[in-house]
Amino acid sequence: MSAEPIDRHVFRGLMRNVPGQVSVVATGAPGNRMGLTASAVCSLTDLPPTVIVCVNRTAGAHDPIIRNGFFSINALAVHQESVARVFSGATRAYGEARFETGNWSPGVTGAPILADAVCRLECRLSEYRTASSHTVFFGQVIAGSASAEASPLLYMRGSYVGLEQSLQDERDQARNEVCVSGGRIK
Ligand SMILES: Cc1cc2nc3c(=O)[nH]c(=O)nc-3n(C[C@H](O)[C@H](O)[C@H](O)COP(=O)(O)O)c2cc1C
């Protein structure tokens, strides 16, 4: 067996099957805000409450996160797909102009918080490490709030999808499979 890494395109082809919660990572005060759509967000430990976020070193928000020392993570709800598109650079909006989409206000740390996001965390940057093209930011969670009734926005196989919608699609798919293999719909 080779110990060499697999081809990067093959890797991407594998990983696109893994659904990810879509978040917007943001930093800065009104008039000077930066943010990006990110799915590489993960809870690390609750001792102390810490999350990690992987941000491309070329992203506009990369250096501001380091300079400001604070950032927010806004896990998007299914009705916030337009926010995801704007912050992924799919429109011409950049920097402060991205915050015209969605209802944003400063949190207790001053970091931008998106109303109605599934989960909203404010973090103090505790450390960061460069790994190839990306930097892993470690954030200690200073404050948080959540909308327990909201349905999360996921990204999978190149498309945005709501969790409930994807579960329904899975059920429909399962029904089709029963039909195809068994000839009967149960
Ligand atoms: C669903 C989705 C998830 C993404 N996840 C990340 C991520 O975790 N980290 C990252 O650096 N870029 C991620 N991106 C890409 C950035 O959103 C995109 O490159 C953005 O334009 C960077 O901001 P900039 O235009 O300010 O440089 C993701 C894009 C999409 C559509």
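Residues numbered from 1 in each chain as written. Predicted model: local features only at pLDDT ≥ 70, side-chain atom pairs only at ≥ 80, totals over all residues. Heavy atoms only, no water.

Focus: the overall build of the protein
Inference 1: Counting its regular elements, the protein contains 4 helices and 12 strands.
Inference 2: Within the protein, the fraction of its 186 residues that count as buried is 37%.
Inference 3: Taking all contacts inside the protein whose residues are at least 6 apart in sequence as the whole, residues at least 24 apart take part in 63%.
Inference 4: Element-wise, carbon and sulfur atoms account for 53% of the exposed surface of the protein, whose accessible area totals about 11,000 Å². (Helix = DSSP H or I, 4+ residues; strand = E, 2+ residues; numbered from the N terminus. Buried < 20%, exposed > 50% of the residue type's maximum accessible area, 1.4 Å probe, protein only. Contact = heavy atoms within 4.5 Å. Areas by Shrake-Rupley, 256 points an atom, 1.4 Å probe, with all protein chains shown as cover.)

Here we look at the confidence of the model for the protein
Inference 1: Confidence along the protein averages 92 in pLDDT terms, with 89% of residues attaining 70 or more.
Inference 2: Taken element by element, the protein is modelled with least confidence in helix H4 (residues 163-182), mean pLDDT 60, and with most confidence in strand E2 (residues 23-27), mean pLDDT 99.
Inference 3: Predicted confidence for residues 178-186 stays below pLDDT 50, and this span has 7 contacts to residues more than four positions away or in other chains. (pLDDT = per-residue confidence, 0-100.)

Here we look at the packing of aromatic side chains
Inference 1: Summed over the entire model, instances satisfying the criterion amount to 6 aromatic pairs.
Inference 2: Their ring planes at 45° and their centres at 5.4 Å tell us that Phe-87 and Trp-104 sit as a pair that is tilted. Taken together, the residues Phe-87 in helix H3 (residues 81-87) and Trp-104 in strand E7 (residues 104-106) connect sequence positions 17 residues apart.
Inference 3: Assessed through its relative accessible area of 1%, Phe-87 is described here as buried.
Inference 4: Under the relative-accessibility criterion, Trp-104 is labelled buried at 10%.
Inference 5: These aromatic residues form a ring-pair network of at least three members: Phe-71, Tyr-128 and Phe-137. (Phe/Tyr/Trp six-rings, centres within 6.5 Å; stacked < 30°, edge-to-face > 60°.)

Section: the nonpolar core
Inference 1: Counting 16 residues, the largest nonpolar core has Val-25, Ile-65, Phe-71 and Ile-73 as its most contacted members.
Inference 2: Of all the secondary structure elements, the ones that give two or more residues to this core are strand E3 (34-38), strand E5 (49-56), strand E6 (70-75) and strand E9 (119-131).
Inference 3: Those residues in contact with Val-25 that sit more than four places away from it in its chain are Met-34, Gly-35, Leu-36, Ala-38, Val-41, Val-53, Ile-65, Phe-71, Ser-72 and Ile-73.
Inference 4: Of all hydrophobic cores here, the second largest spans 15 residues; its members include Ala-84, Val-86, Ala-93 and Leu-114. (Core = buried A, V, L, I, M, F, W, Y, C linked by side-chain atoms within 4.5 Å.)

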